[in-house]
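Close look at the chain arrangement
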Amino acid sequence: MTDARWRHAGIPVVDGHVHVNRFDLMTPAAQTTIRSNATFPLMERFVASPEAFLEHMDREGVAQSWLINYCAKKVMGYGPEVNEWVANYVEADPERLVAVGGVEVDAASEESIERLHDLGIQALKVHTVHQHVSPDDQRLEPAFAACERLGMPVIFHTGTSRFPGSDNRFADPAPIAAVCARHPKLRIILAHGGRPDHTQTALAILSKHPNAWLDLSSCPPRRLPDYFGDLEALAPRTLWGSDWPGPGVPGMGPNIEAFLALGLSAKANRAILRDNAMALLR
Ligand SMILES: [Zn+2]
């Protein structure tokens, strides 16, 4: 099961939440926030070169990365052009790089999702607080129906964001419950588990809806037990992610080390750090 080539407990880790984004398109205000991460210049280099990013993944002990792109033209500066860009980027190594894309709320048709699917994009990201939309907004329904039909998971941002222009009224994951209920075959990922204020709501959705998954990204690993309690019990539906180079995230490798230091069972570590993510993309 384990492999000595992989330095994190022998596990070929899947980082299910990395921001390899069009930072060149970012608004000046968002640029200022992302540049607060001291390691950001590294990522800026990797955006220009998938080969350099793959080498970085080798050094960090990461086997596969999900590249979380989304559309939030007004707040972040990038729109639908990110989809073709990320689809093209992952061609450098489609086994190790997974394209995640997005749609603007007013363009969330079934056809828009079919286009993403045709491009090779494997999951849809909805950034509630950057797109100023509630997860259960009716305008998103056609997109969810298409994702359910095509087997594409939907990743919701949950919890607050400190990027300027964020509307943290949309940070509460509670409305995701209705989406889970309406689309029982749709796999729904609650990115960041509602941290810091809505973690209990996220857990309640997980316990009620078997099609909901938790993504641990952007939570400082040592705080995970405070946020989510018994991670062993949650392991069957929990995914690993770093959110690097988001504000305050030290790096992909350092975050994995801090997570392993929590001392979960080998079985839970393996499920969270790899197997659950691989199974979600079937
Ligand atoms: Zn993120």
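The sections below set out a description of the structure shown in this document. (Residues numbered from 1 in each chain as written. Predicted model: local features only at pLDDT ≥ 70, side-chain atom pairs only at ≥ 80, totals over all residues. Heavy atoms only, no water.)

**Quick notes on the coordination of the zinc ion**
Within the protein, His17 (NE2), His19 (NE2) and Asp243 (OD) serve as the donor atoms for the zinc ion, at 2.1 to 2.2 Å. Considered as a linear motif, the donors of the zinc ion on their single chain read H-x1-H-x223-D. Here Asp243 lies in the loop between β8 (238-239) and α13 (252-260) and His19 lies in the loop between β1 (13-18) and α1 (28-34), a separation of 224 residues in the sequence. (Donors = N, O, S within 2.8 Å, 3.2 Å for Na, K, Ca; no water. Helix = DSSP H or I, 4+ residues; strand = E, 2+ residues; numbered from the N terminus.)

**Some details on the sheet that holds strand β2 (residues 62-68)**
On the basis of which strands lie adjacent, the open sheet formed by eight strands has the order β1-β2-β3-β4-β5-β6-β7-β8 and parallel pairing. Every interior strand has two partners, whereas the edge strands, β1 and β8, have only one. For strand β5 (residues 154-157) and strand β6 (residues 188-191), the ladder comprises four bridges, and the chain directions are parallel. If you follow His157 over to β6, its bridge partner there is Ala191. (Pairing = 2+ DSSP bridges.)

**Some thoughts on the pairing of β1**
Along β1, six of the six residues are buried, which leaves the element largely enclosed by surrounding structure. Where β1 lies against β2, four bridges are found, and the strand directions are parallel. Paired with Val14 across the two strands is Gln64, which belongs to β2. (Buried < 20%, exposed > 50% of the residue type's maximum accessible area, 1.4 Å probe, protein only.)

**Comments concerning the packing of helix α6 (residues 110-119) against helix α8 (residues 141-150)**
In contact at an axis separation of 7 Å, α6 and α8 are set at 40 degrees when each is read in the N-to-C sense. Comparing their axes, α8 and α6 come out oblique. Along this stretch, α6 crosses α8, giving a crossing that reads as right-handed. Touching Glu110, Ile113, Glu114 and His117 of α6 are Pro142, Ala143, Ala145, Ala146, Cys147, Arg149 and Leu150, all from α8. (Axes fitted to C-alpha atoms, helices over the stretch in contact; angles between N-to-C directions. Parallel < 35°, antiparallel > 145°, perpendicular 65-115°, else oblique. Left-handed = near helix turned anticlockwise from the far one by under 90°. Contact = heavy atoms within 4.5 Å.)

**A closer look at unusual backbone geometry**
Cis geometry marks the peptide bond from Arg195 to Pro196, where omega comes out at 0 degrees. Tracing the backbone shows Pro196 in the loop between β6 and α10 (199-208). Residue Pro245 is bonded to the preceding Trp244 through a cis peptide linkage, with omega at 0 degrees. Positionally, Pro245 belongs in the loop between β8 and α13. Even without glycine at this site, Ser218 takes up a positive phi of about 70 degrees.

**Quick look at the side chain of Thr199**
Locating Thr199 in the fold gives a position in helix α10. Since its relative accessible area comes to 7%, Thr199 is described here as buried. Those residues in contact with Thr199 that sit more than four places away from it in its chain are Gly193, Gly194, Tyr227 and Phe228.

**Some thoughts on the packing of aromatic side chains**
Both the distance between ring centres and the angle between the ring planes are used here to describe each pair of aromatic rings. With the rule as written, the count across this model stands at eight aromatic pairs. Centroid distance Phe46 to Phe53: 5.7 Å. Interplanar angle 50 degrees. Geometry classified as tilted. Neither Phe46 nor Phe53 differs from the other in exposure class; each is buried. Through pairs of rings, three or more aromatic residues link up here, namely Phe46, Phe53 and Trp244. (Phe/Tyr/Trp six-rings, centres within 6.5 Å; stacked < 30°, edge-to-face > 60°.)

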